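Structural overview
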Amino acid sequence: PPPLSDLELIREDMVVFMTENELFDVIDLLKTEEGFTIRIMADILFDPGDISLKIEYLYLLDKIAELLSVIPNNVRIEGHTDDRYIDDNNTGNKLSIARASRVCDYIIVEEMLFSSRFGVAGYGRNRPLYPNTNEYNRAMNRRVEVIIKEIPRDV
């Protein structure tokens, strides 16, 4: 069989970590065209409307930082909200950008990673996973995604 890629090893390591810590209901792992995504429900990282990281789940960001420290891949961290913030001040967009930035800053500082590898984006309510028709769907739409970009094979 072909050797496992760095992203496959990261995925395997995350599955073990999620199993040990019973995190399957709050984290999704996705293989995409862009690379590999760790989707974290924002409610475990932040209180409603807040950008301060909750202390009780910092071990999760510590694990992600540790995994990112052993690979050279670029990373984009995206923030998403639900449809609660519909106003003229772009509150949802600002909140999603601030949350993604907070997660990014924490990961970079935790493992002293090069900030040039990281990008941040906030999409507010503009990229929901599900229709914002009930509280479960809204909770699923509030998320932070750590997207580890695939390194092209021809490089």
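What comes next is a walk through the structure. (Residues numbered from 1 in each chain as written. Predicted model: local features only at pLDDT ≥ 70, side-chain atom pairs only at ≥ 80, totals over all residues. Heavy atoms only, no water.)

1. Quick word on the sheet that holds strand E5 (residues 143-149)
The five strands lie next to each other as E1-E2-E5-E3-E4, forming an open sheet whose pairing is mixed. The sheet terminates laterally at strand E1 (27-31) and strand E4 (118-122), the two strands that pair on one side only. Within the sheet, the average angular offset between the axes of one strand and its neighbour, ignoring direction, is 15 degrees. Bridge count between strand E3 (residues 75-80) and E5: six bridges; the pairing is antiparallel. For Ile 77, the partnering residue across the bridge sits in E5 and is Val 146. (Pairing = 2+ DSSP bridges. Helix = DSSP H or I, 4+ residues; strand = E, 2+ residues; numbered from the N terminus. Axes fitted to C-alpha atoms, helices over the stretch in contact; angles between N-to-C directions.)

2. Structural notes on the nonpolar core
Ile 38, Ile 64, Leu 68 and Ile 77 are the most contacted members of the largest nonpolar core, which totals 40 residues. Among the elements that line this core, the one with the most residues is helix H3 (residues 58-68), at seven residues. In this view, Ile 77 contacts Ala 100, Val 103, Cys 104, Ile 107, Phe 118, Gly 119, Val 120, Ala 121, Val 144, Glu 145 and Val 146; residues no more than four positions away in its chain are not counted. (Core = buried A, V, L, I, M, F, W, Y, C linked by side-chain atoms within 4.5 Å. Buried < 20%, exposed > 50% of the residue type's maximum accessible area, 1.4 Å probe, protein only. Contact = heavy atoms within 4.5 Å.)

3. Some remarks on the packing of H3 against helix H4 (residues 91-111)
Running from N to C, H3 and H4 point in directions that differ by 60 degrees, and their axes come no closer than 9 Å. In terms of orientation, H3 lies oblique with respect to H4. With respect to the hand of their crossing, H3 and H4 are arranged in right-handed fashion. On the side of H3, the interface is formed by Leu 58, Leu 61, Asp 62, Ile 64, Ala 65, Glu 66 and Leu 68, while H4 contributes Val 103, Tyr 106, Ile 107, Glu 110 and Glu 111. Its residues placed into classes, the contact of H3 with H4 shows eight nonpolar, no polar and four charged. (Parallel < 35°, antiparallel > 145°, perpendicular 65-115°, else oblique. Left-handed = near helix turned anticlockwise from the far one by under 90°. Nonpolar A, V, L, I, M, F, W, Y, C, P; charged D, E, K, R; others polar.)

4. Let's talk about the environment of Ser 52
Take Ser 52: it is sitting in the loop between helix H2 (42-45) and H3. For the pair Ser 52 and Ala 100, spaced 48 residues apart in sequence, the C-alpha to C-alpha distance is 11 Å. With near-sequence residues (within four places) excluded, Ser 52 lies in contact with Leu 45, Phe 46 and Arg 102.

5. Points about the packing of aromatic side chains
This structure, assessed with the given rule, holds two aromatic pairs. Centroid distance Phe 17 to Tyr 59: 5.9 Å. Interplanar angle 55 degrees. Geometry classified as tilted. Of the two residues, Phe 17 is situated in helix H1 (residues 6-21) and Tyr 59 in helix H3; the sequence distance between them amounts to 42 residues. Its relative accessible area of 10% is what places Phe 17 among the buried residues. Taken together, a centroid distance of 6.0 Å and an interplanar angle of 25 degrees make the contact between Tyr 57 and Tyr 59 stacked. With a relative accessible area of 30%, Tyr 59 lands in the partly exposed category. Taken together, Phe 17, Tyr 57 and Tyr 59 form an aromatic cluster joined through their ring pairs. (Phe/Tyr/Trp six-rings, centres within 6.5 Å; stacked < 30°, edge-to-face > 60°.)

6. With respect to the pairing of E4
In regular strands, side chains alternate between the two faces of the sheet. Pairing between E3 and E4: five bridges, direction parallel. Each bridged residue has a counterpart across the sheet, and for Glu 78 the counterpart in E4 is Ala 121. Of the crossover connections in this fold, the one passing from E3 over H4 to the parallel E4 is right-handed. (Right-handed = clockwise from strand over helix to strand, strands pointing away.)

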